[in-house]
Amino acid sequence: MSKSFEDLLAKVAKCSKKTVSVACAQDKPVLEAVKAAKEKGIADAILVGDEAEIRKIAAELDMNLDEYEIINEPDSIQAAHKAVELVHNNKADMYMKGIIDTKNFLKSVLDKEVGLRTGKPLSHVAVFEVPGVDRLLYLSDVAFMTYPSLEDKKAIIENTVKVVHACGIPCPKVAPLAAVEVVNPKMPVTVDAAELTKMNENGEITGCIVDGPLSLDLAIDPEAAKHKGAEDRKIVGDADILLFPDIHAGNLVYKCLTHTTASKNGCILTGTKAPVILTSRSDSFEVKMNSIALAAVVAEAIKNEQ
């Protein structure tokens, strides 16, 4: 079971060596992350983009490009097309966003001919190692789905559970979050949470335990659950997956954790044929490297399924 990013890196070491295909790789934090990932044995990389710029940035980083395959394509749209095609054709195991806007990057992911679509909804998962919490927390969706419907939330759970399984937790606990822990018809997210719990009990959502609605404190803090008399719940401050009601709630918690705590995190897009590393341009190279490690573990699980 991976309880920290160190555990995750140890798990990566047991996987076969993976290759990440990077679209528009001419970006300093991205190349820093790729370099660190290679040095730590996490993954090799194919760098697709403006070769002159890639070489210029690599020189600043003392990065030996003889160890990498470079595909010169200065046009960002074409670079994304070529980079995602490598993953589509199984020449790389995961797909990473470089210095290209998210809209065009996602267009390449969803390309009908060379993309990574599976027909399932896509969702984003952010994995956090938070000081004081004895396990990794899996937050979804904080960046992709805006106002998920009940069916969307079911898909988010299924996508995220696969990631958590890959990280070594066979039956993760899923907390559909709300401001309160009781059903209130005037608060639709509580109704959805209760319905997701029933779907899990009825076998429509498998591989996990779902218990909602839950407030955030009851989901992650055993003491809070004890003080509130919630010890008879399936989740008593020990949730693995935090399912947010909408992008606002998720994104606010995500940014609060990243900017006010000494937490570590990594993020991937799920519901795709292969893991997609979709980080923000403002994310540090550590976040990008952690995301590559997370994607490598998920890519190994996908390979084993096949």
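Residues numbered from 1 in each chain as written. Predicted model: local features only at pLDDT ≥ 70, side-chain atom pairs only at ≥ 80, totals over all residues. Heavy atoms only, no water.

K.L.:
I keep staring at the overall build of the chain and nothing clicks. Help me out?
P.N.:
Looking only at helices and strands, one finds eleven helices and eleven strands in the chain. Against the globule reference of 19 Å for 306 residues, the chain gives a C-alpha radius of gyration of 19 Å, in line with a compact fold. In the chain, buried positions account for 53% of the 306 residues. Counting contacts in the chain only where the partners sit at least 6 residues apart, residues at least 24 apart contribute 69% of the total. About 13400 Å² of surface is accessible on the chain, with carbon and sulfur atoms providing 51% of the total. Positive and negative charge centroids in the chain, built from 36 and 45 side chains respectively, lie 2 Å apart. (Helix = DSSP H or I, 4+ residues; strand = E, 2+ residues; numbered from the N terminus. Rg over C-alpha atoms; globule rule 2.2 N^0.38 Å. Buried < 20%, exposed > 50% of the residue type's maximum accessible area, 1.4 Å probe, protein only. Contact = heavy atoms within 4.5 Å. Areas by Shrake-Rupley, 256 points an atom, 1.4 Å probe, with all protein chains shown as cover. Lys, Arg positive; Asp, Glu negative; His and termini not counted. Charge placed at Lys NZ, Arg CZ, Asp CG, Glu CD.)

K.L.:
Please explain the nonpolar core as it appears in this structure.
P.N.:
Ile42, Leu47, Met63, Tyr138, Ile157 and Ile292 are the most contacted members of the largest nonpolar core, which has 58 residues in total. Sorting elements by how many residues they give to this core places helix α11 (residues 285-305) first, with eight residues. When near neighbours in sequence (up to four residues on either side) are disregarded, Leu47 contacts Val22, Ala25, Leu31, Val34, Ile54, Met63, Leu65, Tyr68, Glu69, Ile70 and Ile71. Core analysis: the second largest hydrophobic core is formed by 23 residues, Ile46, Ala80, Ala92 and Phe105 among them. (Core = buried A, V, L, I, M, F, W, Y, C linked by side-chain atoms within 4.5 Å.)

K.L.:
Would you take a moment to explain the UniProt feature "domain: Phosphate acetyl/butaryl transferase" (unreviewed entry) in the chain for this structure?
P.N.:
Within this structure's numbering, the places UniProt gives as "domain: Phosphate acetyl/butaryl transferase" (unreviewed entry) are residues 5-73 and 79-296. End C-alpha to end C-alpha, residues 5-73 measures 34 Å, and it is 45% helix and 25% strand. Helix makes up 39% of residues 79-296 and strand 16%. Its end C-alpha atoms lie 22 Å apart. (UniProt positions renumbered as here; feature names shortened; annotations may be inferred.)

K.L.:
What am I meant to see in a negative patch on the surface here?
P.N.:
On the surface, Asp221, Glu223, Glu231 and Asp232 cluster together to form a negatively charged patch. Its place among the elements puts Asp221 in the loop between α8 (216-220) and α9 (222-227). (Patch = residues over 30% accessible without salt bridge, like charges linked within 9 Å, V, L, I, M, F, W, Y side chains within 5 Å. Salt bridge = Lys/Arg side-chain N within 4 Å of Asp/Glu carboxyl O.)

K.L.:
What am I meant to see in the environment of Ile302 here?
P.N.:
Mapped onto the secondary structure, Ile302 falls in helix α11. Along the chain, Ile302 and Glu85 lie 217 residues apart, while their C-alpha atoms are 18 Å from each other. Setting aside chain neighbours within four positions, we find Ile302 in contact with Lys273, Ala274 and Pro275.

K.L.:
Explain the packing of helix α6 (residues 150-166) against helix α7 (residues 188-201) here, please?
P.N.:
A pair of packed helices is characterised by two quantities: the angle between their axes and the separation of those axes. The geometry of α6 relative to α7 is characterised by a closest axis approach of 10 Å and an angle of 55° between their N-to-C directions. In this view, α6 runs oblique relative to α7, as classed from their interaxial angle. For the pair α6 and α7, the sense of crossing is right-handed. On α7, the residues touching Leu150, Glu151, Lys153, Lys154 and Ile157 of α6 are Val189, Asp192, Glu195, Leu196 and Met199. (Axes fitted to C-alpha atoms, helices over the stretch in contact; angles between N-to-C directions. Parallel < 35°, antiparallel > 145°, perpendicular 65-115°, else oblique. Left-handed = near helix turned anticlockwise from the far one by under 90°.)

K.L.:
Sorry, what's going on with the side chain of Glu300 here?
P.N.:
Secondary-structure assignment places Glu300 in helix α11. Here the side chain of Glu300 touches Ser16 through a polar contact of 3.2 Å, side chain to side chain. Residues in contact with Glu300, not counting those within four places in the same chain, are Cys15, Ser16 and Lys18. (Polar contact = N/O pair within 3.5 Å; in protein donor to acceptor, adjacent residues only side chain to side chain.)

K.L.:
When you look at unusual backbone geometry in this model, what are you seeing that I'm missing?
P.N.:
Excluding glycine, a negative phi dihedral is what most residues carry, and trans is how most peptide bonds are arranged. Note that the residue after Ser140, namely Asp141, is joined by a cis bond; omega there is -5°. Counting through the fold element by element, Asp141 comes out in the loop between β6 (136-140) and α6. Here Gly212 and Pro213 are connected by a cis peptide whose omega angle stands at 5°. Among the structural elements, Pro213 can be located in the loop between β8 (209-210) and α8. Phi is positive for Cys24, close to 60°, though the residue is something other than glycine.

K.L.:
Just checking my understanding: could you explain the packing of aromatic side chains for this structure?
P.N.:
Taken as a whole and judged by the stated rule, the model has two aromatic pairs. For the ring pair Tyr95 and Phe105, a centre distance of 4.6 Å and an interplane angle of 20° mean the geometry is stacked. Taken as a pair, Tyr95 in strand β4 (residues 94-97) and Phe105 in helix α5 (residues 102-109) lie far apart in primary sequence, ten residues in all. What makes Tyr95 buried here is its relative accessible area of 0%. The exposure class of Phe105 is buried, given its relative accessible area of 0%. An angle of 80° between the planes, with centres 5.4 Å apart, marks the rings of Phe128 and Tyr254 as edge-to-face. Highlighted residues: Phe128 in strand β5 (residues 123-129) and Tyr254 in helix α10 (residues 247-260), separated in sequence by 126 residues. Judged by relative accessible area, which is 0%, Phe128 ranks as buried. Owing to a relative accessible area of 9%, Tyr254 belongs among the buried residues under this scheme. Seen from the ring of Tyr68, Lys38 lies directly overhead, with NZ or CZ sitting 5.5 Å from the centre. (Phe/Tyr/Trp six-rings, centres within 6.5 Å; stacked < 30°, edge-to-face > 60°. Lys NZ or Arg CZ within 6 Å of the ring centre and 35° of its normal.)

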